[in-house]
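# A structural walkthrough
Here is what each chain is made of, one letter per residue.
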Number of protein chains: 2
Amino acid sequence: MKRIQGGVTAANGFLAADTAAGIKYAKRTDMALVYSAYPTVCAGTFTTNVVKAAPVKRDMKIVAKGGNVQAVVINSGIANACTGKDGDKDDLAMAKAVGECLGLKASEVFTASTGVIGRRLPVEKAVAGIKKMTEKLEASLDAGTRAAKAIMTTDTVEKQCAVETKIGGKKITVGGMSKGSGMIHPNMATMLGVITTDADIEQKALQKAVSDAVAVSFNMISVDRDTSTNDSLFALANGKAGNKTIKAGTPEYAEFYEALLYVLTYLAKHMAADGEGATKLIECKVLNAKSKKDAVTLAKSVITSNLTKAAVYGKDANWGRILCALGYSGAQFNPEKVDITIEGRDDIEGKLVTKPLVLVKDGMDSGYSETVATKILSAKAVTIIADMHGGKGEATAWGCDLTHEYVDINADYRS
Amino acid sequence: MKRIQGGVTAANGFLAADTAAGIKYAKRTDMALVYSAYPTVCAGTFTTNVVKAAPVKRDMKIVAKGGNVQAVVINSGIANACTGKDGDKDDLAMAKAVGECLGLKASEVFTASTGVIGRRLPVEKAVAGIKKMTEKLEASLDAGTRAAKAIMTTDTVEKQCAVETKIGGKKITVGGMSKGSGMIHPNMATMLGVITTDADIEQKALQKAVSDAVAVSFNMISVDRDTSTNDSLFALANGKAGNKTIKAGTPEYAEFYEALLYVLTYLAKHMAADGEGATKLIECKVLNAKSKKDAVTLAKSVITSNLTKAAVYGKDANWGRILCALGYSGAQFNPEKVDITIEGRDDIEGKLVTKPLVLVKDGMDSGYSETVATKILSAKAVTIIADMHGGKGEATAWGCDLTHEYVDINADYRS
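Each residue is numbered by its place in its chain's sequence as written, counting from 1. Throughout, the order in which chains and ligands are written sets their labels, letters from A for the former and numbers from 1 for the latter. This being a predicted model, a pLDDT of at least 70 is required before a residue's local features are given, and a value of 80 or more before pairs of side-chain atoms are given or counted; all residues contribute to the totals for chains, interfaces and linings.

To continue, consider the sheet that holds strand 5 (residues 71-78) of chain B. All names here are of chain B. Pairing between strands is defined by DSSP: at least two bridges between the two strands are required. Only DSSP runs of H or I reaching four residues or more are called helices, and only runs of E reaching two or more are called strands; each is numbered from the N terminus. If you walk across this open sheet you meet the four strands as 2-3-5-6, and the pairing is mixed. A single partner strand is all that each edge strand has here, and the edge strands are strand 2 (14-19) and strand 6 (109-116). The average undirected angle you get between the axes of adjacent strands in this sheet is 10°. With eight bridges connecting them, strand 5 and strand 6 associate as parallel partners. Following the sheet pairing, Gly77 is matched in strand 6 by Gly115. Here contacts are defined at the residue level, using C-beta atoms placed from the backbone and a cut-off of 7 Å between them. Convention adopted: a line fitted to C-alpha atoms gives each axis, helices being fitted over their contacting stretch, and angles between N-to-C directions are expressed from 0 to 180 degrees. Along the sheet, helix 3 (residues 123-135) makes contact with strand 2, strand 3 (31-36) and strand 5, crossing strand 3 at roughly 45°. Lying on the sheet, helix 4 (residues 141-150) is in contact with strand 2, strand 3 and strand 5; it crosses strand 2 at an angle near 45°.

So, in structure tokens, the structure goes:
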């Protein structure tokens, strides 16, 4: 398996387009369309929030049936959530508009919206944007990049990733894009994501792969513990690679899963690192917890602790807050056995800035060097390793620091 | 029942003292001692964090026995948490020092520490401070106020409250003080609190009253969802009012409970309002939820939502975030039935700045005036009322806004 350039258009038979429809922003693109020129099997995971946006309610029904879906249309600016029956109507109008232009049924089109809750979509603008996009669909990598840009809200960079692997002698590509910066919490496919692949795979196997990979990637990141009403992850597989249809439980499935997991993990980490106002990625690896479930609970507790997030922002090795966050997580452990180590990398996929530093040994101060700690905490990506010495459970979660800019952004989001 | 001046020294037979022991701060008082001149029955509630500070571990054993406790000694600056066996030794040394000076056993002295985790207490300074304090114990209201100041860390004002009531013809006083500003989360007696009363009450009845009242006061506030290693609430009742001993389940118990609840709720709201960096109190009342438990879950979810907290700071009536926080709380409800109303008060116990404003009707925008919303959100105390129209469960929770100053304080707490 190797990383390649591009995102949603990297796989064979996928096209994309973007446009500035004027949904809310005046001077930027705000709609994206991803299209498979060939029939697909589809999968998806969605928000667990009781309050679900109009598109989420419709998409969930489509995924439950698991049939052909050849297009995903996304707008940013307005979330089409808490908009009642009018919102449902607006959402269906978007799907129908895509369908009419591309010869698909509305049920063959996924829709997604992101932005302010409670406002109605200017549906005529959206439909006009859809028409424009269907006329300029392109298979170029650049079209994929532009689509990834168009779906951003408070994101500062677009997120996309693609990998290539061989399965049964055939070259298979898995690509994807996502957006997400605020309202991010480990409780399902955080924000919006679209995965495209030319692999030939059974629908059930695709859904299983997506659900399993989301559990250890998208669901392990948090920016602010707020789970959105619109979180959606879509996956489309069009089979153009010509491989033998992949079934769950086979070696081919394992290879496909590895590729999918790489793309989802890459996107997840980059979403966490681009959390609203963030200056760095915080990764928490929990080792030797009582169980896998405990490890997940502990890792999430550390990366969601406001006090830990603010301390990392301040380059302050305040390990008491880390131990405290482990302690109130709900998982049981012996505090007197815990070791905490930190590592710093010069970039998300970069190399260590210096040797790992043990802050806590047996639940107490290790007598570490504050100078080295500050150096590590000044790095672009900080890893906190908590060894619980109480079992074999392991988990990794990702978040970001809590900064002045987070408050700036969120104290004045709507204006 | 009526509110009176004072705090821990308001009730008959209680004295207090404070001193600048130099534990961590150079130019302020950092130790407090509360003393009952007469034997008491005691009660307490403590942090649920797996990681417990040395004093918490010792105090919990004392409460489990429920015997006489005549003194509470508190230091701020260093938390004596994650300090191993040395920390236990230091803590016992503090209790012993109090005991020697006042003729009490160590098991008749509660200890509490608050501040940085992981550092050892300068125990000689603490013991010297204790000696000084035992020599200048005073029953004056001012001594109580000074004690409330000495236990502050990042608090900006001291918190104390006292009420007077008549039970069985006898005047009874309940007073208290607390501190708490960061590391506050509804998961037990947040931070440190000391309640003193001259009521004559059975130990079991006192513990029941404290536990029940803490559940709807201290445990319903949150500044940052971080539950400390040191949270402790102590209650001492010395019986000097001369009333007939209060037993649980009697009308006298109900009257005592009302007074205690008033003091605890007052302290809780003032702790929330003085949350680190906060500019205002946020109160969330949930009405007509499916159950009491759901109402608690919903109310806590709103006041702990970083996005809601930042929006209130920005005076932005971003009700989508409130509805979203209700939605991901874990409680079930019909989003299309929810009404959300806001109220603003000119002070925590103040009066409305204008009529309540309905933001959301049946889960959708009510078409409210943004000008009025901004006026309400500019008030010192903002109440969010969420009517779920789904049952009879009610609950109220308190928090504060998320501000630049919160980040300032917590990005650089140790230095």
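Attention shifts here to the sheet that holds strand 4 (residues 41-46) of chain A. Residues and elements named next belong to chain A. Taken together, the six strands give an open sheet; going across it, the order is 1-7-8-9-10-4, and neighbouring strands pair in mixed fashion. Edge positions in the open sheet fall to strand 1 (2-4) and strand 4, since each of these has one partner strand only. For this sheet, the mean inter-axis angle between neighbouring strands, taken without regard to orientation, is 20°. Here strand 9 (residues 192-197) pairs with strand 10 (residues 232-237) via six bridges, running parallel. Looking at the pairing, Thr197 lines up with Ala237 of strand 10. Along the sheet, helix 1 (residues 54-65) contacts strand 4 and strand 10; its crossing angle with strand 4, the most-contacted strand, is approximately 135°. Its contacts with the sheet place helix 6 (residues 251-273) against strand 7 (159-167), strand 8 (170-179) and strand 9, and it is angled at close to 165° to strand 7.

A few words on the domain arrangement of chain A. Residue and element names in this part refer to chain A. Residue ranges for the domains originate in an automatic or database domain assignment. The assigned domain composition of chain A is domain 1 (2-273) and domain 2 (281-411). Contact residues are listed per partner, giving 13 residues for domain 1 and twelve residues for domain 2. In this classification, Asp, Glu, Lys and Arg are treated as charged, Ala, Val, Leu, Ile, Met, Phe, Trp, Tyr, Cys and Pro as nonpolar, and every other residue, Gly included, as polar. In terms of residue class, the side of domain 1 that touches domain 2 is made up of seven nonpolar, four polar and two charged.

Next up on the list: the pairing of strand 10 (residues 232-237) of chain B. Residues and elements named next belong to chain B. With six of six residues buried, strand 10 is to be regarded as a mostly interior element. With six bridges joining them, strand 4 (residues 41-46) and strand 10 adopt antiparallel strand pairing. Note on strand 10: the bridge partner recorded for Gly44 is Phe234. As a rule, residues whose C-beta atom has 12 or fewer other C-beta atoms within 10 Å are exposed, those with 20 or more are buried, and those in between are partly exposed; C-beta atoms are placed from the backbone.

Core analysis: the largest hydrophobic core is formed by 285 residues, its most contacted members being A:Val263 and B:Val263. Those residues within four positions of B:Val263 in sequence are excluded, and the remaining contacts are B:Cys161, B:Ala162, B:Val163, B:Val174, B:Gly175, B:Gly176 and B:Ile195. Here a nonpolar core is just a set of buried residues of the types Ala, Val, Leu, Ile, Met, Phe, Trp, Tyr and Cys, joined wherever their C-beta atoms sit within 7 Å.

Let us now look at the pairing of strand 15 (residues 381-387) of chain A. Residue and element names in this part refer to chain A. Burial analysis of strand 15 places five of its seven residues in the buried class, the great majority of the element. By the bridge criterion, seven bridges tie strand 11 (residues 281-289) to strand 15 in an arrangement that is parallel. Looking at strand 15, one finds that Leu281 is bridged to Ala381. Two elements, strand 12 (residues 339-345) and strand 15, share seven bridges in a ladder whose sense is antiparallel. Bridge pairing in strand 15 places Arg345 opposite Ala381.

Here we take up helix 2 (residues 84-102) of chain A. Residues and elements named next belong to chain A. Expected helix span is taken as 1.5 Å per residue step, with the number of steps being one fewer than the number of residues. For helix 2, which comprises 19 residues, the first-to-last C-alpha distance of 28 Å matches the rise-based estimate of 27 Å (1.5 Å per residue) to within 8%. Buried within helix 2 are the following residues: Gly87, Asp90, Asp91, Met94, Ala95, Ala97 and Val98. Buried residues of helix 2, seen end-on, are gathered within an arc of 150° and therefore sit on one face of the element. Looking at the buried positions of helix 2, the neighbouring elements they touch are strand 3 (31-36), helix 1, strand 5 (71-78), strand 6 (109-116) and helix 3 (123-135). By definition, the arc is the one covered by directions from the helix axis to the C-beta atoms.

Below, the discussion takes up the packing of helix 2 of chain A against helix 3 of chain A. Residues and elements named next belong to chain A. Between helix 2 and helix 3, whose axes approach to 9 Å, the crossing angle comes to 25°. It follows that helix 2 is roughly parallel to helix 3 by the angle criterion. Handedness of the helix 2/helix 3 crossing: right-handed. Contacts between helix 2 and helix 3 involve Asp90, Ala93, Met94, Ala97, Val98, Cys101 and Leu102 from the former and Val123, Ala126, Val127, Ile130, Lys131 and Thr134 from the latter. Looking at the contact of helix 2 with helix 3 residue by residue, the classes come out as ten nonpolar, one polar and two charged. An angle below 35 degrees is read as roughly parallel, one above 145 as roughly antiparallel, one from 65 to 115 as roughly perpendicular, and any other as oblique. Two helices that cross are described as forming a left-handed crossing if the nearer one is turned anticlockwise from the farther one by less than a right angle, and a right-handed crossing if clockwise.

Turning to the environment of B:Cys161, a few remarks are in order. Residue and element names in this part refer to chain B. Inspection of the secondary structure assignment puts Cys161 in strand 7 (residues 159-167). When the C-alpha positions of Cys161 and Gly7 are compared, they lie 4.9 Å apart, and in sequence the two are 154 residues distant. If we skip the residues at most four places from it in the chain, Cys161 touches Gly7, Gly175, Gly176, Val263, Tyr266 and Leu267.

What follows covers the environment of B:Thr114. All names here are of chain B. With respect to the helices, strands and loops of the structure, Thr114 is situated in strand 6. Residue classification places Thr114 among the buried residues on the basis of 28 C-beta atoms within 10 Å. Along the backbone, Thr114 and Leu281 are 167 residues apart, and their C-alpha atoms lie at a distance of 23 Å. Filtering out sequence-adjacent residues up to four positions away, Thr114 remains in contact with Ser76, Ala79, Ile151, Thr153, Lys179, Met191, Leu192 and Asn230.

Between helix 8 (residues 306-313) of chain A and helix 11 (residues 404-411) of chain B, the least distance of the axes is 8 Å, while the angle of their chain directions is 70°. It follows that helix 8 of chain A is roughly perpendicular to helix 11 of chain B by the angle criterion. Contacts between helix 8 of chain A and helix 11 of chain B involve A:Leu307, A:Ala310, A:Ala311 and A:Tyr313 on the former and, on the latter, B:Val407, B:Asn410 and B:Ala411. Among the residues making up the contact of helix 8 of chain A with helix 11 of chain B, the classes are represented as six nonpolar, one polar and no charged.

Residue and element names in this part refer to chain B. Mapped onto the fold, Val127 is located in helix 3. Residues Val127 and Ala21, spaced 106 residues apart in sequence, show a C-alpha to C-alpha distance of 8.7 Å. Beyond its immediate chain neighbours, meaning those up to four positions away, Val127 contacts Ala93, Met94 and Ala97.

Attention now goes to unusual backbone geometry. Unlike most non-glycine residues, A:Asn80 shows phi in positive territory, near 50°. Summarising the element assignment, A:Asn80 is placed in the loop between strand 5 and helix 2. Owing to 31 C-beta atoms within 10 Å, A:Asn80 belongs among the buried residues under this scheme. Its identity as a non-glycine residue notwithstanding, B:Asp362 has a phi of 50°, on the positive side. Summarising the element assignment, B:Asp362 is placed in the loop between strand 13 (357-361) and strand 14 (364-365). On the basis of neighbour count, B:Asp362 is assigned to the partly exposed category, with 14 C-beta atoms found within 10 Å.

Among the nine residues in helix 9 (residues 319-327) of chain A, nine count as buried, and that is most of the element. Check the buried side of helix 9 of chain A and you find it contacts helix 7 (292-304), helix 8, strand 12, strand 13 (357-361) and strand 15 of chain A together with strand 6 of chain B.

Predicted coordinates in areas of low pLDDT are best not read in detail. Residues and elements named next belong to chain A. Within chain A, residue pLDDT values average 92, and 95% of them lie at 70 or more. Confidence of the prediction at every residue is given by pLDDT, a number between 0 and 100. Low pLDDT, under 50, characterises residues 182-190; the stretch is placed with 53 contacts to residues that sit more than four places away or in other chains. Note on the complex model: pTM 0.83, ipTM 0.75.

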